[in-house]
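Letter by letter, the chains look like this.
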Amino acid sequence: MLLAKPRPSGGTNQMETDMIELVIAACLATGECKESRLIYDARDVSLMTCMIAGQPQVVRWQQEHPAWQIKRWHCGVARQHGEIL
């Protein structure tokens, strides 16, 4: 389980770039799709931790959003991925 708290947004300092994100791409049966991003402080959560502990987080997200079907998910450095999945 990822226990790190999300970092507050705001500012453009170096600390803001040191964040890890868990990106969940999901779609409704109607075809509408969206990305959900969970952001974690890189001082508390590494990419490896995100990949290992991310699966239970994805399951929790699915349980909280039963109408959405998860298509894929990944971990990465926040703001590194500019394209839509």
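Residues numbered from 1 in each chain as written. Predicted model: local features only at pLDDT ≥ 70, side-chain atom pairs only at ≥ 80, totals over all residues. Heavy atoms only, no water.

Trainee: Before we move on, could you go through the overall build of the protein chain and cite the residues and values that matter?
Mentor: Helix and strand counts for the protein chain come out as 2 helices and 3 strands. Written out in order from the N terminus, the α and β elements of the protein chain read α-β-β-α-β. Across the 85 residues that make up the protein chain, the buried fraction comes to 33%. Element-wise, carbon and sulfur atoms account for 56% of the exposed surface of the protein chain, whose accessible area totals about 5600 Å². (Helix = DSSP H or I, 4+ residues; strand = E, 2+ residues; numbered from the N terminus. Buried < 20%, exposed > 50% of the residue type's maximum accessible area, 1.4 Å probe, protein only. Areas by Shrake-Rupley, 256 points an atom, 1.4 Å probe, with all protein chains shown as cover.)

Trainee: Describe the side chain of Ser36, listing the residues and the values that go with them.
Mentor: On the secondary structure map, Ser36 appears in strand E2 (residues 33-41). With relative accessibility at 18%, the residue Ser36 sits in the buried group. When near neighbours in sequence (up to four residues on either side) are disregarded, Ser36 contacts Leu22, Val23, Ile24 and Trp61. (Contact = heavy atoms within 4.5 Å.)

Trainee: Explain the state of the cysteines to me, and be specific about the residues and the numbers.
Mentor: On inspection of all chains with the given rule, the structure shows 2 disulfides. What pairs with Cys27 in a disulfide is Cys33, and their sulfur atoms sit 1.9 Å apart. On the sign convention where negative is left-handed, the bridge of Cys27 and Cys33, at about 100° about the S-S bond, is right-handed. For Cys27, a relative accessible area of 12% gives the class buried. The disulfide bridge from Cys50 ends at Cys75, spanning 2.0 Å between sulfur atoms. Between Cys50 and Cys75, the S-S dihedral sits near -80°, and the bridge is therefore left-handed. (Disulfide = S-S within 2.5 Å.)

Bear in mind that shape data such as this cannot, by itself, settle questions of function.
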